[in-house]
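This is what each chain is made of:
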Amino acid sequence: MPIAATGNLNETIQIVRQTNSNVDDFGDITPQKEVIYEKLYAYQRNLNSNEIAGNIEVLRNQTQFVIRHRKPTEPLITTDMQVIYNDQTYQILAYNIDTAFKEWDVLICEKVGEEQ
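Note that the coordinates shown come from a computational prediction; the quantities given were computed from them, not determined experimentally.

Thresholds applied
- Residues numbered from 1 in each chain as written.
- Predicted model: local features only at pLDDT ≥ 70, side-chain atom pairs only at ≥ 80, totals over all residues.
- Heavy atoms only, no water.
- Pairing = 2+ DSSP bridges.
- Helix = DSSP H or I, 4+ residues; strand = E, 2+ residues; numbered from the N terminus.
- Core = buried A, V, L, I, M, F, W, Y, C linked by side-chain atoms within 4.5 Å.
- Buried < 20%, exposed > 50% of the residue type's maximum accessible area, 1.4 Å probe, protein only.
- Contact = heavy atoms within 4.5 Å.
- pLDDT = per-residue confidence, 0-100.
- Phe/Tyr/Trp six-rings, centres within 6.5 Å; stacked < 30°, edge-to-face > 60°.

**Here's the deal with the pairing of strand 2 (residues 29-45)**
In the sheet, strand 1 (residues 11-23) pairs with strand 2 via ten bridges, with the strands oriented antiparallel. Along strand 2, the bridge assignment pairs Thr19 with Gln32. Hairpin remark: strand 1 followed by strand 2, antiparallel, with five residues in the connecting loop; positive phi at Gly27, about 85 degrees. In this sheet, strand 3 (residues 62-68) lies alongside strand 2 in antiparallel orientation, the contact comprising four bridges. Residue Tyr43 lies in a different strand from strand 3, and its bridge partner there is Val66.

**Overview of the nonpolar core**
Nonpolar side chains tend toward joint burial in soluble globular proteins. Ranked by size, the top nonpolar core spans 17 residues in total, and within it Ile13, Ile15, Phe65, Ile77, Val83 and Leu107 carry the most contacts. Breaking this core down by element, the ones donating at least two residues are strand 1, strand 2, strand 3, strand 4 (81-85), strand 5 (88-96) and strand 6 (104-111). Ranked by residue count, the leading element in this core is strand 2, at four residues. Contact partners of Leu107, with chain neighbours within four places excluded, come to Ile13, Ile15, Thr63, Gln64, Phe65, Ile67, Ile77, Val83, Ile92, Ala94 and Tyr95. With six residues, the next largest nonpolar core counts Ala4, Leu9, Val66 and Trp104 among its residues.

**Overview of the confidence of the model for the chain**
In the predicted model, the chain carries a mean pLDDT of 86, and the fraction of residues at 70 or more is 84%. Across the chain, strand 4 holds the top mean pLDDT of 97, while helix 1 (residues 49-53) sits lowest at 60.

**Some points on the packing of aromatic side chains**
Here the structure, examined in full by the defined rule, presents two aromatic pairs. When the centroid spacing of 5.3 Å and the interplanar angle of 70 degrees are considered together, the rings of Phe65 and Tyr85 count as edge-to-face. Of this pair, Phe65 sits in strand 3 while Tyr85 is found in strand 4, placing the two residues 20 residues apart along the sequence. Here the two residues Phe65 and Tyr85 agree in accessibility, since each one is buried.

**Some remarks on unusual backbone geometry**
The phi dihedral of Asn86 is positive, around 50 degrees, even though this residue is not glycine. By the secondary structure assignment, Asn86 is in the loop between strand 4 and strand 5. Judged by relative accessible area, Asn86 falls into the exposed class, the value being 59%. Its identity as a non-glycine residue notwithstanding, Asp87 has a phi of 65 degrees, on the positive side. With respect to the helices and strands, the residue Asp87 is situated in the loop between strand 4 and strand 5. On the accessibility criterion, Asp87 (80% relative accessible area) is exposed.

Laid out in structure tokens, this is it:
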């Protein structure tokens, strides 16, 4: 059974990378974000009870996003990037690339700013 189907990609995410911070006219540091993907269709994968049962503390703030496989001509997704979904920011912890079938890739993310 495939991990997703095209119809499952009903959420939109944005992928950004933090760049050097700028100092504004008032001397405040303002972080800048470089947008890698402005609008990327995704499926937020729910973890089943077997995946959560033994690792509740670790998985409490984690989520997974299934996206279409990225072609080599598209921007590379790395772990120094963040996903913005429903006004919540997630740090990309891992990017699992589908090397076998080249259909679906999985972003394993953790909420930014959440206590462990």
